[in-house]
Amino acid sequence: MQVYFIDNEEYFQRKFTSRDADGAFFNDNDDRAMFFARGVLETVKKRGWSPDIIHCHGWMTALVPLLIKTSYKEDPMFHSSKVVYSLYNDSFEEAFNENFGKKVLMEGLSAGDVKDLEDPP
């Protein structure tokens with residue numbers, strides 16, 4: 001099995017995953033999640049590897065299924081891919097940046113696709 005790591009010194013070279021030493025939620029967690037999701041999908045495309053199954057784990061990967069079903073839906077690399085999303089008890093009470101819905105927009109992803117990201121129920 002080949003394993004690839006997505007890295008960015010600014011986003012992922014930290015001692016803690018989503019909160020600092022005092023328990024405060026990192027302000028850039030939304031940007032980190034977007035970077036990770038897009039980075040994974042673009043790396044798969046660049047490597048020319050068409051996955052049969054995309055298994056997402058936890059909130060950091062939550063954008064991947066959305067992107068697969070919208071922005072990447074016409075991409076032949078993901079045409080036959082099935083997405084599995086595993087839920088864990090890693091929720092958080094904090095909200096992402098209020099502009100998260102606008103920041104996540106990209107080709108193939110409309111404001112309607114992300115309206116619930118800015119206005120949670």
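Before reading on, note that the structure itself is shown above.
Residues numbered from 1 in each chain as written. Predicted model: local features only at pLDDT ≥ 70, side-chain atom pairs only at ≥ 80, totals over all residues. Heavy atoms only, no water.

A.B. asks: Hey, could you run me through the overall build of the chain in this one?
C.D. replies: Counting secondary structure elements, the chain contains 5 helices and 2 strands. Going residue by residue from the N terminus, the α and β elements of the chain occur as α-α-β-α-β-α-α. Against the 2.2 N^0.38 benchmark of 14 Å for 121 residues, the chain shows a C-alpha radius of gyration of 15 Å, consistent with a compact globule. Overall, the chain is about 45 × 35 × 25 Å in size when its C-alpha atoms are taken along their principal axes. Looking at the chain as a whole, 31% of its 121 residues qualify as buried. Partitioning the contacts of the chain with sequence separation of at least 6, the portion at a separation of at least 24 is 68%. Just so you have it, the chain exposes about 8,400 Å², and 52% of that area is on carbon and sulfur atoms. (Helix = DSSP H or I, 4+ residues; strand = E, 2+ residues; numbered from the N terminus. Rg over C-alpha atoms; globule rule 2.2 N^0.38 Å. Buried < 20%, exposed > 50% of the residue type's maximum accessible area, 1.4 Å probe, protein only. Contact = heavy atoms within 4.5 Å. Areas by Shrake-Rupley, 256 points an atom, 1.4 Å probe, with all protein chains shown as cover.)

A.B. asks: Would you mind showing me how to read the packing of aromatic side chains here?
C.D. replies: Any pair of aromatic rings gets described here by the distance separating the centres and the angle formed by the planes. Tallying each qualifying case throughout the model produces 6 aromatic pairs. A centroid spacing of 6.2 Å and a plane angle of 70° characterise the contact between Tyr 11 and Phe 12, whose relative ring orientation is edge-to-face. Ring centres 6.5 Å apart and planes at 75° place the aromatic pair Phe 12 and Phe 36 in the edge-to-face group. Here Phe 12 is found in helix α1 (residues 9-12), whereas its partner Phe 36 is found in helix α2 (residues 29-47), with 24 residues between them in sequence. Its relative accessible area of 23% is what places Phe 36 among the partly exposed residues. Grouping aromatic residues by their ring pairs yields a cluster made of Tyr 11, Phe 12, Phe 35 and Phe 36. In this structure, Arg 14 is placed above the aromatic ring of Phe 26, and the distance from its NZ or CZ to the ring centre is 4.5 Å. (Phe/Tyr/Trp six-rings, centres within 6.5 Å; stacked < 30°, edge-to-face > 60°. Lys NZ or Arg CZ within 6 Å of the ring centre and 35° of its normal.)

A.B. asks: How do you make sense of the pattern of salt bridges when you look at a structure like this?
C.D. replies: When charged atoms on two side chains of opposite charge get close, those side chains can pair. All chains considered together, the criterion is met by 2 salt bridges. Its salt-bridge partner being Arg 14, residue Asp 28 comes within 2.5 Å of it at the nearest N-O pair. In this pair, Asp 28 is assigned in the loop between α1 and α2 and Arg 14 in the loop between α1 and α2, connecting sequence segments 14 residues apart. With relative accessibility at 15%, the residue Asp 28 sits in the buried group. Given a relative accessible area of 26%, Arg 14 falls into the partly exposed group. (Salt bridge = Lys/Arg side-chain N within 4 Å of Asp/Glu carboxyl O.)

A.B. asks: Explain the pairing of strand β2 (residues 82-86) to me, please; I cannot follow it from the model alone.
C.D. replies: The two faces of the sheet receive side chains in turn, since in a regular strand these alternate between them. Sheet topology places strand β1 (residues 53-57) next to β2; 5 bridges connect them, and they run parallel. In the sheet register, Cys 56 faces β2, and the bridge partner there is Tyr 85. Crossover connection from β1 via helix α3 (residues 63-69) to parallel β2: handedness right-handed. (Pairing = 2+ DSSP bridges. Right-handed = clockwise from strand over helix to strand, strands pointing away.)

A.B. asks: Looking at this model, I keep getting lost on the nonpolar core. Mind explaining?
C.D. replies: Looking at soluble globular proteins, one finds that nonpolar side chains tend to be buried together. Ranked by size, the top nonpolar core spans 17 residues in total, and within it Leu 41, Val 64 and Phe 78 carry the most contacts. Looking at this core, the elements that each hand over two or more residues are α2, β1 and α3. The contacts of Phe 78, once residues within four sequence positions are left out, are Leu 41, Val 44, Lys 45, Pro 51, Ile 54, Ile 68 and Tyr 72. (Core = buried A, V, L, I, M, F, W, Y, C linked by side-chain atoms within 4.5 Å.)

A.B. asks: Is there a simple way to think about α2 in this case?
C.D. replies: Every α-helix winds through 3.6 residues per turn, so residues three or four apart in the chain are directed the same way. Compared with the 27 Å implied by 1.5 Å per residue over 19 residues, the 27 Å span of α2 between its first and last C-alpha is a close match. Within the span of α2, buried status applies to Asn 29, Asp 30, Arg 32, Ala 33, Met 34, Ala 37, Gly 39, Leu 41 and Val 44. Those residues of α2 that are buried lie in contact with α1, α3 and α4 (100-103). Positioned one or two residues after α2, Gly 48 has a phi angle of 70°, which is positive. (Expected span 1.5 Å × (residues − 1).)

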